[in-house]
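# Architecture at a glance
Spelled out, the chains give:
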Amino acid sequence: MRPGDVEFEDFVRARGAALVRYGYVLTGNPEDAADLAQEALLKLSDNWSRVRNKDSPEAYVRTTMARQHISWWRRRRREQPTDDVPEGIHHDTHSFGELWKELATLPRKQRTVLVLRYYEDLPDEEIAAILGISRGTVRSQAFRALATLRVRPAVLERGRA
Amino acid sequence: MRTEDELSGALRDAADRAPELDLLVGLGKRRRRRTRRRAQLLAAAAVVGVVGTSTVVAQGAFSSGGGEEAAATSTTTRPKPEKTMTVTPRPQTQTKGTPVGKLWPQALFQMPAKNADGWRYRPITGINATEVLLAAEPSADKAGKIEVYDAKTGKSRVVTAIPRTRGLKQYFTQTVSTDGTNVVWCSIASKDGTTVAELWWAPLSGGKAKLAVTLTGGGAAVEAIGVDGESVVWSTRKGGVYRKPFTNGAPNRVPKSDGLHLISWPWAGDASTDDEEFEKFGYNQSKIVNLADGTVTKVVIKDGMKDMRCGPVWCRGRQGTTSVVQRVDGTGDKKLPKGFGMYAILDRFLRSADTVYDLNTGRLARIETPGGWSSNGISSEPSRILYGGTTKGKVDRYWVLNLAAVPPAQ
């Protein structure tokens, strides 16, 4: 086993739960959350030595998850066998409130923008950089999503916290 | 109309109810499947005469359970289709060993999974036989407080709040260490696209956290941290151990620490965590150094031994696909199944996914995971804590195995 592999595994052990939580608010269900996190971690492990020398592995994997969520990963998931539910998955039948349920009705891009803004607490400028879209698009996506959810925005654009 | 705060709250509440999963379990499977798919794509591409993408397969050859095989293929530049396309199902091994609650009852206990603020606890390590060092995280995965839980009294106390420096983005507290009197931690963040590492200190008895040093450039590649009573100590991926007094003074390099990597203060070794150095200097740790008194002990490495990692007494390496443990002087060698971690916890215990092996007694403890998962603490040195949820799904309580509570002779 290479030392990088050990480091990578340590990273997954230490931060895996946090990444599943992030995947869960992005996707809304445990299977997709694990799927998204694992796909992003595979990419991280391919680039491990480069990433851990230059960036924060956690920031890298979170950015990958946000991007993958609104692009190709869902298509990819369909190619995979259905028995691939990670061990330990458990269906929670609790209701998390109306707002959480309504989030599921949003298009993926809108939901991702809201998660980055209200869960990750990122300013619009950073959200734009992460998703590779303009600040104006971040604003309009958030505006539409908030309107759907009947949430009153405090300010039109969120600057640095 | 609803408020933005309600939206934040709904997201965080939901995150708290996310399932706890062992991502490593599925990762190996997923990688093997991807490697196979790529090999098939590659084979198809080869038929129509497209060449030059062969490194993709080698690059993808990592698996959580079979790291040894992965190491063998990752250095080749051409794929070996007969290898990468064969998928052997993970063998269903019957877990052996004595239930941990029977073997070390005094080391196993339960504790709340959340602090007084409702923040999720993330265990760091065992301070002594009864106390556990914890990070408490407000929902968005950021460490907010350092706390201590005492298994004897069943109570926890706040050590300090973890400050967040203004102007730094993507701020994550990565690793923590304690000597029983002080606690230090390393936070990694980004500033204008470059990495910044901050090393912080607080007295374990409680008090305000103080920033000991801010590191940038190559110096920010902190791989391990420790504490020597009056200084925070760390090593970087390029090798070399540094220290900086908690409150004043300048950072300095620890004498005779060139090329060394901190394992657990005062112990350091020459096994690199840097891939380039690793390729250059090979797989084995050749010495174990006590940086406090300068003692250097050579490791006796037998023929065919690879990946040797040693503490002051015990080493773990491998011969082929068999894990081997031995003392630094080469005595007491014994074969173990693969899957055990590298550096021994407390220079005594090796952990696998569901067992803990005691090098001193040769006993194997079996870990029960009622919540379907287990994890280890996040300390820089091999953590003395293993923990998991006591129930499936929503986690209110943790079971905790504190290896610092296992008596010497047991």
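This text follows the structure it describes.
Our subject in this report is the structure included herewith. In this text, all values refer to a predicted model and were calculated from it rather than measured experimentally. (Residues numbered from 1 in each chain as written. Chains lettered and ligands numbered in written order. Predicted model: local features only at pLDDT ≥ 70, side-chain atom pairs only at ≥ 80, totals over all residues. Heavy atoms only, no water.)

## Details of the overall build of chain A
Stated precisely, the cut-off is as follows: To qualify as a helix, a DSSP run of H or I must reach at least 4 residues; to qualify as a strand, a run of E must reach at least 2; elements of each kind are numbered from the N terminus. The contact criterion used throughout is that any non-hydrogen atoms of two residues lie within 4.5 Å. Only the protein chains shown count as covering a residue, and every accessible area follows the Shrake-Rupley method with a 1.4 Å probe.
A count of helical and extended segments in chain A gives 9 helices and 0 strands. Counting from the amino terminus, helix and strand elements in chain A follow one another as α-α-α-α-α-α-α-α-α. Partitioning the intrachain contacts of chain A with sequence separation of at least 6 by distance along the chain shows that 71% fall at a separation of at least 24. Accessible surface, chain A: about 6,600 Å² in total, of which carbon and sulfur atoms supply 49%.

## Considerations on the state of the cysteines
All names here are of chain B. To keep things clear, this is the line we draw: Only a pair of cysteine sulfur atoms within 2.5 Å qualifies as a disulfide here. Using a 1.4 Å probe on the protein chains alone, a residue whose accessible area is under 20% of its type maximum counts as buried, one over 50% counts as exposed, and one in between counts as partly exposed.
In the structure shown here, the tally under the stated rule is 1 disulfide over all chains. The partner cysteine of Cys310 in its disulfide is Cys315, sulfur to sulfur 2.1 Å. Judged by the sign of its S-S torsion, about 105 degrees, the cystine formed by Cys310 and Cys315 is right-handed. Cys315 matches Cys310 in its accessibility class, with the two residues each being buried.

## Overview of the pattern of salt bridges
Side chains carrying opposite charge are able to pair once their charged atoms draw close together. To be explicit about the condition: In what follows, salt bridge is the name for a side-chain nitrogen of Lys or Arg lying within 4 Å of a carboxyl oxygen of Asp or Glu.
Evaluation of the coordinates by the stated rule reveals 19 salt bridges over all chains. For Arg13 of chain A, the salt bridge identified is with Glu9 of chain A, shortest N-O distance 3.3 Å. Placement of the pair is Arg13 of chain A and Glu9 of chain A together in helix 1 (residues 3–27), with a separation of 4 residues, close to one helical turn. The partner of Arg243 of chain B in a salt bridge is Asp228 of chain B, and the shortest N-O contact between them spans 3.1 Å.

## Considering the sheet that holds strand 18 (residues 295–298) of chain B
All names here are of chain B. For clarity, the cut-off: Two strands are said to pair when DSSP picks up at least two bridges between them. Simply put, an axis is a line fit to the C-alpha atoms, just over the touching stretch for a helix, and the angle between two N-to-C directions goes from 0 to 180 degrees.
What the 4 strands build is an open sheet, ordered 15-16-17-18; its pairing is antiparallel. Of all the strands in the sheet, just strand 15 (261–264) and strand 18 have a single pairing partner and so form its edges. Averaged over all pairs of adjacent strands, the angle between strand axes in this sheet comes to 30 degrees, irrespective of strand direction. Sheet topology places strand 16 (residues 267–269) next to strand 17 (residues 287–290); 3 bridges connect them, and they run antiparallel. Among the inter-strand pairings, Gly269 is bridged to a residue of strand 17, identified as Ile288.

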